Amino acid sequence: MTGPARQLSILPDDPPAYGGPPAVPAVPIRTSGQTEYSVQCTGPGGCGEHHRHVSTGIKSGPCGAEYTVPLDEGDTDTS
């Protein structure tokens, strides 16, 4: 491989097919030095509030709900 190696996403396109919780819509927020993701906590056990995460993947919100934060097109996951 030439140039910088790119990390492949470890999440499949369809997380439930692999035992993960469904993906939720995520809005990337550019902050100084990193990208954070804002998600609305919907789905089973969701509280409806917006939670922020600093990486993609399977996450647990402060309310206890579990969901998948997908990698946004054009972003690279540095976690």
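Up top you'll find the structure we're talking about.
The structure contained in this document is the topic of the report that follows. Throughout this description, residue numbers start from 1 for each chain and increase along the sequence as written. Only residues with pLDDT of 70 or above have their local features reported here, since the model is predicted, and side-chain atom pairs are shown and tallied only from 80 upward, although totals for entire chains, interfaces and linings are computed over all residues. By convention in this description, side-chain values take in all heavy atoms of the structure and omit both hydrogens and water.

Considerations on the pairing of strand β3 (residues 50–53)
We call a residue buried when its accessible area falls under 20% of the maximum for its residue type, exposed when it is over 50%, and partly exposed in between, using a 1.4 Å probe and counting protein chains only. Working definition: helices are DSSP H or I runs of at least four residues, strands are E runs of at least two. Numbering for both runs from the N terminus. Side chains of β3 alternate between two faces, with H51 and H53 buried and H50 and R52 left unburied. Whether two strands pair depends on DSSP finding at least two bridges between them. Relative to β3, strand β2 (residues 34–40) is paired through four bridges, and the arrangement is antiparallel. Among the inter-strand pairings, Q40 is bridged to a residue of β3, identified as H50.

What to know about the environment of Y67
Mapped onto the elements, Y67 comes out in strand β5 (residues 66–69). When its relative accessible area of 1% is taken as the criterion, Y67 is described as buried. On a C-alpha basis, the gap between Y67 and G46 in space is 9.1 Å, while along the polypeptide they are 21 residues apart. Two residues form a contact once any of their heavy atoms are found within 4.5 Å. Ignoring sequence-local partners within four residues, the contact set of Y67 consists of P21, P22, V24, V39, C41, H51, H53, G57, I58, K59 and G61. Residues adjacent in sequence count toward polar contacts only when both atoms are side-chain atoms; beyond that, a polar contact is any pair of N or O atoms within 3.5 Å, and within protein one must be able to donate a hydrogen and the other to accept it. There is a polar contact of 2.7 Å between the side chain of Y67 and the side chain of H53.

Looking at the environment of V69
Take V69: it is sitting in strand β5. A sequence separation of 30 residues divides V69 from V39, and the C-alpha atoms of the two residues are 7.6 Å apart.

Digging into the sheet that holds β2
Spatial ordering of the open sheet is given by β1-β2-β3, a layout of three strands whose pairing is antiparallel. Of all strands in the sheet, those with a lone pairing partner are β1 (26–31) and β3, marking the two edges. In this sheet, adjacent strand axes meet at a mean angle of 30° when their direction is disregarded. Pairing analysis gives six bridges linking β1 to β2, with the strands arranged antiparallel. When the bridges of β2 are listed, V27 appears paired with S38. Under this scheme, a helix contributes an axis fitted over its contacting stretch, all axes are lines through C-alpha atoms, and angles between N-to-C directions fall in the 0 to 180 degree range.

A few points about the pattern of salt bridges
Any two side chains of opposite charge can pair, so long as their charged atoms come close to each other. The rule for a salt bridge is simple: a side-chain nitrogen of Lys or Arg has to be within 4 Å of a carboxyl oxygen of Asp or Glu. The final tally for this structure, using the stated rule, is one salt bridge. Between E36 and R52 there is a salt bridge; the shortest N-O distance is 2.5 Å. With E36 in strand β2 and R52 in strand β3, the pair connects residues that are 16 residues apart, well separated along the chain. Using a relative accessible area of 13% as the deciding quantity, one classes E36 as buried. Relative accessible area serves as the criterion here: at 51%, R52 is assigned to the exposed category.

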